[in-house]
Amino acid sequence: MINENIAKLVQYGIEKKLIEPEDRTYTINQYLEIFHLDDYEEPEAPFSETDLEKVLNELTDAAYDRYIIKSNDIVTRDLFDTKLMGILVPKPSQVIRDFREKYKKSPRAATEFFYRFSQDTDYIRRYRVKKDWKWTVESPYGTIDITVNLSKPEKDPKAIAAAKNAVQSSYPKCQLCMENEGYAGRMNHPARQNHRIIPVTVNGSRWGFQYSPYVYYNEHCIVFNGEHVPMKIDRTAFVKLFDFVQQFPHYFLGSNADLPIVGGSILTHDHFQGGHYQFAMAKAEIEKHYTIRGFEDVEAGILNWPLSVLRIRSKDQERLIDLADYILRVWRGYTDEDAHIYAETDGEPHNTITPIARKTGDTFELDLTLRNNITTGEHPLGLFHPHEQYHHIKKENIGLIEVMGLAVLPSRLKQEMELLADCLVTGEPLRDHESLIKHVDWAEQFVSKYKEIHKDNVMDILKEEIGQVFVKVLENAGVYKCTKKGREQFERFIFTLNQNEERRNEE
């Protein structure tokens, strides 16, 4: 079976053009070395298209049986099968040359090549990503995307203990550093032998371009600084966003905010996220236009969106950068006690922005989402953060991806919703199950809306109700609410922009 699976894996590499037919014997011998084999017999029976997941699983089972790997937990298995795939992956220089050749045809041809390559190398594990639950719900703000992330494997207790006891290392400094390319990994850091990075120049400096291994949406990419420096939203950030969009005009690019609670999970490494996908936020329309003094040539307005977003549009990206920089500087120092917005408390800054840049036709757009990370006694995790009543569905930060209208929900929801569905159909009390107690109040609220709940409609009902909870979560994250009072408060900030510009001109 080892010989047959080695043959299948090598044939896979040839079919996906990761290696050439002339590399076949050489590659087989590399696998024989890994498995401590001295002999090899070519399988007699022909085989059809390779089931990559099955082949890797069987080869990893064989490695465990032969004591090549000492544990059979998911982390150890991932470290080993990534090593197997790494043998098939071309050197970075070759991948870069291929990407640049495709780019000569078009930016889209280059990204399509690299996205397919990142899947063929198993860096993006197709067979795991397809396990994610995905659906949409309608809302007053458009069609909202929902996903339950099942592609990131849950670590078992042995793996968690092994990671805790592993020797600590500062190489690579984080999972976004350039040094991850080709890295063998360890119990507390993923293997990346099958990972390749495309170097790009952003604002005159060296950056990297790669895809997320979890691809929450089509061509979900990460663009990251070549140096391990912290995230910072400032004028230069806006310059970088548009510099990339100029090079890849079919992609949007955005940034998480640079403060805790309203930021992403990695604030220590400067990076952006983008891709070839149109979120509900991009489709949302400006509900009211405003003229900002000094920028009369720039279209500006409040977006019809649950978070508080100013959209600015112009064919001249420099004008957008100037205006965005001005709005950011004013927002950083802006306080409106009536709206519970404080620029700082006890010297701790609270105001920042989540920006998203894109190009539509010959016009550049920049969505500026106003964020504030203040906490209160009633909301210790954040006033403009998912409120406690919704934590049973979403407790984590509202980062860039959620801001744009895609819920990334925890994997625990799959089992909880399947169990909840059974209880709703059979009438079994939810409180009989510890994992469902947190859902009781929510379930009691929505069941009365439906004439009947049965096995054929229960999951559709749960998906709809989960989606509507996420819409409420997005509304929680808006510093100005979508109400008459909220819009009056938003307009006060816009009025301040015009006041400050007038003072600046006088000075």
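Use the structure listed above.
Report follows, based on the coordinates. (Residues numbered from 1 in each chain as written. Predicted model: local features only at pLDDT ≥ 70, side-chain atom pairs only at ≥ 80, totals over all residues. Heavy atoms only, no water.)

Quick look at the overall build of the chain now. The helix and strand inventory of the chain stands at 16 helices and 15 strands. In summary, the chain has a C-alpha radius of gyration of 25 Å against a globular reference of 23 Å for 507 residues, a match within 12%. Principal axes of the C-alpha set define a box for the chain whose edges measure 85 × 60 × 40 Å. Here the chain holds 507 residues, and 55% of them are scored as buried. Surface exposure of the chain reaches about 23,800 Å², of which carbon and sulfur atoms provide 48%. (Helix = DSSP H or I, 4+ residues; strand = E, 2+ residues; numbered from the N terminus. Rg over C-alpha atoms; globule rule 2.2 N^0.38 Å. Buried < 20%, exposed > 50% of the residue type's maximum accessible area, 1.4 Å probe, protein only. Areas by Shrake-Rupley, 256 points an atom, 1.4 Å probe, with all protein chains shown as cover.)

The next thing to look at is the nonpolar core. Core analysis: the biggest nonpolar cluster contains 91 residues, and Leu-9, Phe-35, Phe-209, Tyr-480 and Phe-493 have the highest contact counts within it. Tallying contributions element by element places helix 11 (residues 317-332) first for this core, with 9 residues. Every residue in contact with Leu-9, bar those within four places of it in the chain, is listed here: Tyr-31, Leu-52, Val-55, Leu-56, Leu-59, Leu-84, Met-85 and Leu-88. One finds Ile-398, Val-403, Leu-462 and Val-471 within the second-largest nonpolar core, a separate group that totals 55 residues. (Core = buried A, V, L, I, M, F, W, Y, C linked by side-chain atoms within 4.5 Å. Contact = heavy atoms within 4.5 Å.)

A cluster of acidic residues, Asp-38, Asp-39, Glu-41 and Glu-44, forms a negative patch at the surface. One can find Asp-39 in the loop between helix 2 (24-34) and helix 3 (52-65). (Patch = residues over 30% accessible without salt bridge, like charges linked within 9 Å, V, L, I, M, F, W, Y side chains within 5 Å. Salt bridge = Lys/Arg side-chain N within 4 Å of Asp/Glu carboxyl O. Lys, Arg positive; Asp, Glu negative; His and termini not counted. Charge placed at Lys NZ, Arg CZ, Asp CG, Glu CD.)

What links the strands of a sheet is backbone hydrogen bonding, and the strands pair in either a parallel or an antiparallel sense. If you walk across this open sheet you meet the 10 strands as 3-4-5-7-6-13-14-10-9-8, and the pairing is antiparallel. Each end of this open sheet is capped by a strand with a single partner; those strands are strand 3 (198-202) and strand 8 (286-290). Within this sheet the neighbouring strands show an average axis-to-axis angle of 25°, counted without direction. Here 5 bridges tie strand 4 (residues 205-211) to strand 5 (residues 221-225), and the two strands are oriented antiparallel to one another. Bridge assignment links Tyr-211 to a residue of strand 5, and that residue is Cys-221. Those strands touched by helix 9 (residues 235-247) are strand 3, strand 4, strand 5, strand 6 (252-254), strand 7 (271-275), strand 13 (351-360) and strand 14 (363-372), and its axis lies near 20° from that of strand 13. Across the face of the sheet, helix 11 comes into contact with strand 10 (309-314), strand 13 and strand 14 while running at roughly 10° to strand 14. (Pairing = 2+ DSSP bridges. Axes fitted to C-alpha atoms, helices over the stretch in contact; angles between N-to-C directions.)

The next point concerns the environment of Tyr-115. Looking at the secondary structure, you find Tyr-115 in helix 6 (residues 107-120). Taking the relative accessible area as the measure of exposure, Tyr-115 reaches 13% and is therefore buried. For the pair Tyr-115 and Glu-219, spaced 104 residues apart in the sequence, the C-alpha separation amounts to 6.4 Å. Apart from the residues lying within four places of it in its own chain, the contact partners of Tyr-115 are Ile-124, Tyr-211, Val-215, Tyr-217, Asn-218 and Glu-219.

Here Phe-248 lies in the loop between helix 9 and strand 6. Residues Phe-248 and Ser-106 lie 142 residues apart in sequence; the distance between their C-alpha atoms is 9.1 Å. Residues within four places of Phe-248 in sequence aside, it is in contact with Phe-99, Tyr-103, Pro-107, Thr-111 and Val-200.

Their axes nearest at 10 Å, the elements helix 13 (residues 412-426) and helix 15 (residues 458-477) cross at an angle of 120°. Considered as vectors, helix 13 and helix 15 are oriented oblique to each other. In terms of crossing hand, the pair formed by helix 13 and helix 15 is right-handed. For the pair helix 13 and helix 15, contact is made by Met-417, Leu-420, Ala-421, Leu-424 and Val-425 and by Val-458, Met-459, Leu-462 and Ile-466, respectively. Its residues placed into classes, the contact of helix 13 with helix 15 shows 9 nonpolar, no polar and no charged. (Parallel < 35°, antiparallel > 145°, perpendicular 65-115°, else oblique. Left-handed = near helix turned anticlockwise from the far one by under 90°. Nonpolar A, V, L, I, M, F, W, Y, C, P; charged D, E, K, R; others polar.)

Quick look at the side chain of Asn-225 now. Mapped onto the elements, Asn-225 comes out in strand 5. On the accessibility criterion, Asn-225 (10% relative accessible area) is buried.

Moving on, we get to the pattern of salt bridges. Scanning the model with the defined rule gives 36 salt bridges in all. For Arg-128, the salt bridge is made with Asp-78, and the minimal N-O distance between the two is 2.8 Å. Linking Arg-128 in helix 7 (residues 126-129) with Asp-78 in helix 4 (residues 74-86), this pair joins segments that are 50 residues apart in sequence. Each member of the pair, Arg-128 as well as Asp-78, carries the same accessibility label: buried. With a closest N to O distance of 2.6 Å, Glu-287 and Arg-487 form a salt bridge. Placement of Glu-287 in strand 8 and of Arg-487 in helix 16 (residues 484-506) is noted, with a sequence separation of 200 residues between them. Take Arg-487: its relative accessible area is 14%, and that puts it in the buried class.

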